[in-house]
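Residues per chain are reported as follows:
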Amino acid sequence: LYTSMQEESTVSWQLVEEHRAGLWRFALGLTHSREDARDLVGETVLAAHRSFSKLRDHAAFQKSLMTIAIRLYRRQRWRGRIFRDIDEAREIATVGTRESNYDLDLLTQALGRLPERQREAVLLFEISGLSIEEIRSVQGGTLSGVKARLKRGREALRLLMLDDVNQKLKRPDIPDVLAATIF
C-alpha cells in the first residue's frame, strides 16, 4: 500500500510539472497579478495533488487542473466581495505588476475587460491548449456555447486592443518611434 501511494505521488508531481507552465500562464491571465497567480497556482497544485487518487484518467489531468484553478479563483473573488471593504477591493483590483512588453500589457488589459466566461474560454483555449470539448466540461454548457464565447472573446479582444492602440497614438507623450513600430 505504501509503495502504491509513493508511485501515485510521483506520477502526480510529474503531471504537475508537465503542465506547470500552462497553469502559470492561465493563472496569470485570470488574476492579472504575479503574486495572485503564484498563490492560485500553489493552491491549485495542492488541491490537485490531494484529489489525484480520484482522477480516473491521467490524460484528463490538465483539464482537471484548469477546472480546479477556475473554481478556486471564483471562490477567492466571491470571498473577496463578501469579506473586503469595497474601497479596499477596488484598490486591490487596480494594483498589479506590468510587463515591460507593450503588446503583453495591451493584451492583459484587454483580457481584464472581457466578461469572465469569455476570458476563461479564450485563456483555456489559446493559452492552456484545451480542446473545445475540454473547455465545455470545465465551464459547463454546450459546445456551441463554448464556440460562441471563443468567437465573441476573440473579436472583443481584437477591438479592445485596437481601441487601446488608437488611444495611445492620440497621446502626445507617446514617442513617434513607438507609434511607427505599432503598425
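Residues numbered from 1 in each chain as written. Predicted model: local features only at pLDDT ≥ 70, side-chain atom pairs only at ≥ 80, totals over all residues. Heavy atoms only, no water.

Engineer: If you had to explain a negative patch on the surface to someone new, which residues and values would you point to?
Structural biologist: A surface patch of like charges, here negative, comprises Glu 35, Asp 36, Asp 39 and Glu 43. Topologically, Asp 36 is positioned in helix H2 (residues 34-50). (Patch = residues over 30% accessible without salt bridge, like charges linked within 9 Å, V, L, I, M, F, W, Y side chains within 5 Å. Areas by Shrake-Rupley, 256 points an atom, 1.4 Å probe, with all protein chains shown as cover. Salt bridge = Lys/Arg side-chain N within 4 Å of Asp/Glu carboxyl O. Lys, Arg positive; Asp, Glu negative; His and termini not counted. Charge placed at Lys NZ, Arg CZ, Asp CG, Glu CD. Helix = DSSP H or I, 4+ residues; strand = E, 2+ residues; numbered from the N terminus.)

Engineer: Now, about helix H6 (residues 116-127): what can you tell me, with residues and values included?
Structural biologist: Taking 1.5 Å of rise per residue, the 12 residues of H6 would be expected to cover 16 Å, and the 15 Å separating its terminal C-alpha atoms lies within 8% of that figure. For H6, the full list of buried residues reads Gln 118, Arg 119, Glu 120, Ala 121, Val 122, Leu 123 and Leu 124. Looking at the residues trailing H6, positive phi occurs at Gly 129, about 75°. (Expected span 1.5 Å × (residues − 1). Buried < 20%, exposed > 50% of the residue type's maximum accessible area, 1.4 Å probe, protein only.)

Engineer: Quick one: what's the story with the nonpolar core, residue by residue and with numbers?
Structural biologist: One broad rule of soluble globular proteins: the nonpolar side chains tend to lie buried together. If you look at the biggest cluster of nonpolar residues, it comprises 34 residues, and the most contacted ones within it are Leu 23, Phe 26, Phe 61 and Leu 124. A total of eight residues in this core trace back to one element, the largest contributor, which is helix H3 (residues 61-83). Contacts of Leu 124, omitting those with residues within four sequence positions, involve Phe 26, Met 66, Ile 70, Gly 129, Leu 130, Ile 135, Val 138 and Gln 139. (Core = buried A, V, L, I, M, F, W, Y, C linked by side-chain atoms within 4.5 Å. Contact = heavy atoms within 4.5 Å.)

Engineer: I'd love a proper account of the packing of H6 against helix H7 (residues 132-139), names of residues and values included.
Structural biologist: Interaxial distance between H6 and H7 falls to 10 Å at its minimum, and their mutual angle equals 140°. As judged from the angle between their axes, H6 and H7 are oblique. Considering how the two elements wind past one another, H6 and H7 form a crossing that is right-handed. Counting all contacts with H6, which are made through Arg 117, Glu 120, Ala 121, Leu 124 and Phe 125, the residues of H7 involved are Ile 132, Ile 135, Val 138 and Gln 139. Among the residues forming the contact of H6 with H7, the class breakdown is six nonpolar, one polar and two charged. (Axes fitted to C-alpha atoms, helices over the stretch in contact; angles between N-to-C directions. Parallel < 35°, antiparallel > 145°, perpendicular 65-115°, else oblique. Left-handed = near helix turned anticlockwise from the far one by under 90°. Nonpolar A, V, L, I, M, F, W, Y, C, P; charged D, E, K, R; others polar.)

Engineer: Describe unusual backbone geometry, listing the residues and the values that go with them.
Structural biologist: At His 32, a residue that is not glycine, the phi angle is positive and equals roughly 65°. Summarising the element assignment, His 32 is placed in the loop between helix H1 (2-31) and H2. The partly exposed category is assigned to His 32, whose relative accessible area is 25%.

Engineer: Account for the pattern of salt bridges, naming residues and giving values.
Structural biologist: Pairing between side chains of opposite charge can happen when the charged atoms of each approach one another. Taken as a whole, this structure holds seven salt bridges when the rule is applied. In this structure, Glu 17 and Arg 20 form a salt bridge, with 2.8 Å as the shortest nitrogen-oxygen distance. Of this pair, Glu 17 and Arg 20 both sit in helix H1, three residues apart, which is roughly one turn of the helix. For Glu 17, a relative accessible area of 45% puts it in the partly exposed group. As a salt-bridge pair, Glu 155 and Arg 158 come within 2.8 Å of each other at their nearest N and O atoms. Of the two residues, Glu 155 and Arg 158 both sit in helix H8 (residues 143-169), three residues apart, roughly one turn of that helix. Counted as one network, the salt bridges with shared partners bring together Arg 74, Arg 77, Glu 116 and Glu 120.

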